[in-house]
Amino acid sequence: MQAMLYRRYGGPEVLRLETVAEPAPGPDDVQVQVHAASLNAADAYLLKGEPALLRLSSGLRGPKRPILGADIAGRVVAVGGRVTQFQPGDAVYGDLSGFGFGGFAEYVCAPERALALKPERLSFEQAAAVPLAGVTALQALRAGGPVTAGQQVLVHGASGGVGTFAVQLARSFGATVTAVCSTRKVELARSLGADHVVDYTQEDFTQSDRRYDLILVVNGNRPLTAYRRALRPGGCCVVAGGAIPQILTATLLGPALSLAWGVSVRNVLAQPSQTDLTFLSGLLEAGEVVPVVDRCFPLRELPEALRYRAAGLASGKVVITMEHTGG
């Protein structure tokens, strides 16, 4: 099979398209012919081996697992003897970030608990955009809530992979949603159902009079004190992405700041969840949540896709397609 591998840490230039053996499923595994996979921030971090602490798990001298790619969508080819949820021919999707990655390849094996049946109304490309970003948005909103009707929710970084899901999910829960994004992505945020859109190049939402029950940070690099100013008493700031220093500050100082400020400050590191992915499937099937796919690249152009995403050009998700699928 064809797969995109990296044998050393670095930028997109270290990736090589190689022919490797197909993985064989173990007793609890499902072998999937991958039709599409999507990019996530984790791919860029793992590729570079940064921050340095990441190498304690990914490999000190070089990557232990040479194939990136967490989000996949495809068809089941074979199943292990103890698999009960899926059978060959099933269309599935899932997040492999907790199971060794490996999605940027024509075939991958994963435990059945990593997968869910693909919503029928979604293409493989759309489905591949969902698992990690969608579940991250869902778990982050729950960490700050639960979100209920009438609450004021602000999503900082509303036009990215996680942000586009967060806006739609918060709206589906009945919240009044404010989306923060750049000028050229304002219309996208409105189309996702945001009640208010703040163009951060023109306005600083932390300096306005509006206050929020929940601020979900999925991009940006603002000091936590700025978010505190925009929260109502007893409100919550959940950091689910953005700059590494911002994430580390929320992780290490969040409990202390929560006590001192009278608001809740926390970091959320999303975990793959078949239950949460199945919950999202229902919303996707009903059309209440729609994946935003910015652009598709073939597997051989994965380095260019990573550069495109790193440049901040994408709205929503960047997807990698496998040529063996015939589209």
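Before reading on, note that the structure itself is shown above.
Residues numbered from 1 in each chain as written. Predicted model: local features only at pLDDT ≥ 70, side-chain atom pairs only at ≥ 80, totals over all residues. Heavy atoms only, no water.

Enquirer: Would you take a moment to explain the overall build of the protein for this structure?
Expert: Scanning the protein from N- to C-terminus turns up 10 helices and 15 strands. A globule of 327 residues ought to have a C-alpha radius of gyration of about 20 Å, and the protein, at 20 Å, matches this closely. Summarising its shape, the C-alpha atoms of the protein cover approximately 60 × 45 × 35 Å along the three principal directions. Put simply, the protein has 327 residues, and 55% of those count as buried. Of the roughly 13,900 Å² of accessible surface on the protein, a fraction of 51% belongs to carbon and sulfur atoms. (Helix = DSSP H or I, 4+ residues; strand = E, 2+ residues; numbered from the N terminus. Rg over C-alpha atoms; globule rule 2.2 N^0.38 Å. Buried < 20%, exposed > 50% of the residue type's maximum accessible area, 1.4 Å probe, protein only. Areas by Shrake-Rupley, 256 points an atom, 1.4 Å probe, with all protein chains shown as cover.)

Enquirer: Would you mind showing me how to read the pattern of salt bridges here?
Expert: Opposite charge on two side chains permits pairing when their charged atoms draw close. Evaluated as defined, the whole model comprises 10 salt bridges. Asp-204 is the partner of Arg-222 in a salt bridge, and the nearest nitrogen-oxygen pair spans 3.3 Å. A residue pair is termed long-range when its members are at least 10 positions apart, and Arg-222 in the loop between strand 11 (212-217) and helix 7 (224-229) and Asp-204 in the loop between strand 10 (196-199) and strand 11 qualify at 18 residues. A residue is classified by how much of its surface remains accessible, and Asp-204, at 29% relative accessible area, is partly exposed. (Salt bridge = Lys/Arg side-chain N within 4 Å of Asp/Glu carboxyl O.)

Enquirer: What should I look at first to understand the packing of helix 4 (residues 131-143) against helix 9 (residues 274-286) in this one?
Expert: Working note: a packed helix pair is described by the angle between its axes plus the distance between those axes. Where helix 4 contacts helix 9, the axes come no closer than 10 Å and their chain directions differ by 100°. On the basis of their axis angle, the class for helix 4 and helix 9 is roughly perpendicular. Seen from helix 4, the contacting residues are Pro-131, Gly-134, Val-135, Leu-138, Gln-139 and Arg-142; seen from helix 9, they are Asp-276, Leu-277, Phe-279 and Leu-280. Residues that form the contact of helix 4 with helix 9 fall into these classes: 6 nonpolar, 2 polar and 2 charged. (Axes fitted to C-alpha atoms, helices over the stretch in contact; angles between N-to-C directions. Parallel < 35°, antiparallel > 145°, perpendicular 65-115°, else oblique. Contact = heavy atoms within 4.5 Å. Nonpolar A, V, L, I, M, F, W, Y, C, P; charged D, E, K, R; others polar.)

Enquirer: Where do I start with the pairing of strand 5 (residues 91-95) in this structure?
Expert: Taken residue by residue, a regular strand's side chains alternate between the two faces of the sheet. Counting buried positions along strand 5 gives 5 out of 5 residues, so the element sits mostly inside the fold. Taking every second residue as pointing to the same face, both faces of strand 5 are buried, with Ala-91, Tyr-93 and Asp-95 on one and Val-92 and Gly-94 on the other. Pairing between strand 4 (residues 71-79) and strand 5: 5 bridges, direction antiparallel. Across the sheet, residue Ala-73 finds its bridge partner in strand 5, namely Tyr-93. As defined by bridge partners, strand 5 adjoins strand 7 (residues 115-117) across 3 bridges and the pair is classed as antiparallel. (Pairing = 2+ DSSP bridges.)

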